[in-house]
Amino acid sequence: MGIFNQIVNAHSFELQETIYYYENRPLPFSEIWIHEPYQIALIIDHGLCEQPVCGATWSYQDYVKKQNEISEMYRWLRYDSKDTESLIHELEVLKSLMVVQHVERSVDPRRSHPQLIGRARYQKQLAEWRKEILQGNSMKVLVSL
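What you see is a predicted model; the values in this text were computed from it and never measured.

> Would you mind going over the pattern of salt bridges with me for this structure?
Side chains that differ in sign of charge can pair as their charged atoms come close. Enumeration according to the criterion identifies 10 salt bridges in this entry. Here Lys 66 ties to Glu 69 by a salt bridge, and the two come within 3.8 Å at their closest N and O atoms. On the criterion of helical spacing, the pair formed by Lys 66 and Glu 69 is a turn pair, its members being three residues apart in helix 2 (residues 60-73). For Lys 66, a relative accessible area of 24% puts it in the partly exposed group. Taken together, the salt bridges that share partners define one network made up of Glu 50, Asp 80, Lys 82 and Arg 119.

> Can you help me understand the sheet that holds strand 3 (residues 40-46) in this one?
Sheets are built from strands that pair by backbone hydrogen bonding, the pairs being arranged parallel or antiparallel. Read across the open sheet, the four strands follow the order 1-2-3-4; overall the sheet is mixed. At either end of the open sheet lies a strand with only one pairing partner, and these are strand 1 (14-20) and strand 4 (75-80). Each adjacent strand pair in this sheet contributes to an overall mean axis angle of 20°, direction not counted. In this sheet, strand 2 (residues 29-35) lies alongside strand 1 in antiparallel orientation, the contact comprising six bridges. The partner of Glu 14 across the bridge, within strand 2, is Ile 34. Packing against the sheet, helix 2 makes contact with strand 1, strand 2, strand 3 and strand 4, and its axis sits at approximately 145° to strand 4. Sheet contacts for helix 5 (residues 114-134): strand 3 and strand 4; angle to strand 4, the most-contacted strand, approximately 160°.

> Would you mind showing me how to read unusual backbone geometry here?
Most peptide bonds are trans, and most residues other than glycine sit at a negative phi. Following Leu 27, the chain continues into Pro 28 via a peptide bond in cis, with omega recorded as -5°. Relative to the elements of secondary structure, Pro 28 occurs in the loop between strand 1 and strand 2.

> I would appreciate a short explanation of empty space enclosed by the protein in the present structure.
Take a probe with the size of a water molecule and roll it over the atoms, and the empty space left behind shows itself. Per the stated rule, a full pass over the model turns up two cavities of 30 Å³ or more. Roughly 60 Å³ of volume is contained in the largest cavity. Forming the boundary of the largest cavity are Ser 71, Tyr 74, Arg 75, Trp 76, Leu 94, Leu 97, Val 100, Ile 133, Gly 136, Asn 137, Ser 138 and Met 139. Among the elements of the structure, strand 4 and strand 6 (137-143) are those that each provide at least two residues to the lining of the largest cavity. Of the residues forming the lining of the largest cavity, the biggest block, three residues, is contributed by strand 6. In this structure, the second largest cavity spans a volume of roughly 30 Å³. What lines the second largest cavity is simply Ile 19, Tyr 21, Ile 32, Ile 43, Tyr 63, Lys 66, Gln 67, Ile 70 and Arg 78. Element by element, the count of residues in the lining of the second largest cavity is highest for helix 2, at four residues. Residues belonging to the lining of the second largest cavity are distributed by class as follows: six nonpolar, one polar and two charged.

> Looking at this structure, how should I read the nonpolar core?
Soluble globular proteins tend to pack their nonpolar side chains together in the buried interior. Membership of the largest hydrophobic core comes to 39 residues, with the highest contact counts inside it found for Leu 42, Tyr 63, Trp 76 and Trp 129. A total of six residues in this core trace back to one element, the largest contributor, which is helix 5.

> Would you take a moment to explain the packing of helix 2 against helix 5 for this structure?
Two measures define how a pair of helices packs: the angle their axes make with one another and the distance between the axes. Where helix 2 contacts helix 5, the two axes come as close as 15 Å, and the packing angle between them is 20°. In terms of orientation, helix 2 lies roughly parallel with respect to helix 5. Here the hand of the crossing between helix 2 and helix 5 comes out right-handed. Side by side, helix 2 and helix 5 meet where Tyr 60, Tyr 63 and Gln 67 of the first sit next to Pro 114, Tyr 122, Gln 125, Leu 126 and Trp 129 of the second. Along the lines of polarity and charge, the residues of the contact of helix 2 with helix 5 split into six nonpolar, two polar and no charged.

So, how was this worked out
Residues numbered from 1 in each chain as written. Predicted model: local features only at pLDDT ≥ 70, side-chain atom pairs only at ≥ 80, totals over all residues. Heavy atoms only, no water. Salt bridge = Lys/Arg side-chain N within 4 Å of Asp/Glu carboxyl O. Helix = DSSP H or I, 4+ residues; strand = E, 2+ residues; numbered from the N terminus. Buried < 20%, exposed > 50% of the residue type's maximum accessible area, 1.4 Å probe, protein only. Pairing = 2+ DSSP bridges. Axes fitted to C-alpha atoms, helices over the stretch in contact; angles between N-to-C directions. Contact = heavy atoms within 4.5 Å. 1 Å grid on protein atoms, 1.4 Å probe; cavity = no way out; pocket = protein on both sides within 12 Å on 5 of 7 lines; lining within 4 Å. Points joined across faces, edges and corners; volume = space filled by probe spheres on them. Nonpolar A, V, L, I, M, F, W, Y, C, P; charged D, E, K, R; others polar. Core = buried A, V, L, I, M, F, W, Y, C linked by side-chain atoms within 4.5 Å. Parallel < 35°, antiparallel > 145°, perpendicular 65-115°, else oblique. Left-handed = near helix turned anticlockwise from the far one by under 90°.

By themselves, these figures tell us nothing about what the structure is for.
Have a look at this one:
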């Protein structure tokens, strides 16, 4: 992930937190990178789609809850660690946004949990979320059961 580290260092992001989804496993985890002057958070997910569905499923509600906490303080962009090509462009767009409106979006974990939908669909979901954020929406995600 050398290119991502170069971007983070060039734009003065600092690692604020690493979230592990299982106590006894190194994967999956998410890194929260913060750029205070612009009030931007980058959430980088590692291994969220690689865990077998037949085993324990990590909590999608906790995942969404943490993302929503971040959205209260920062504008955010979320990426799968293997899909960060658009980061530089999207970061520049996000920095230039002046007006932000707050919106709520409902998700069904059975249709959006990365372990269940796989990497390609998860990357597509993240791209859709980023597109909405880059249109000036501060998104709060509601989990529907």
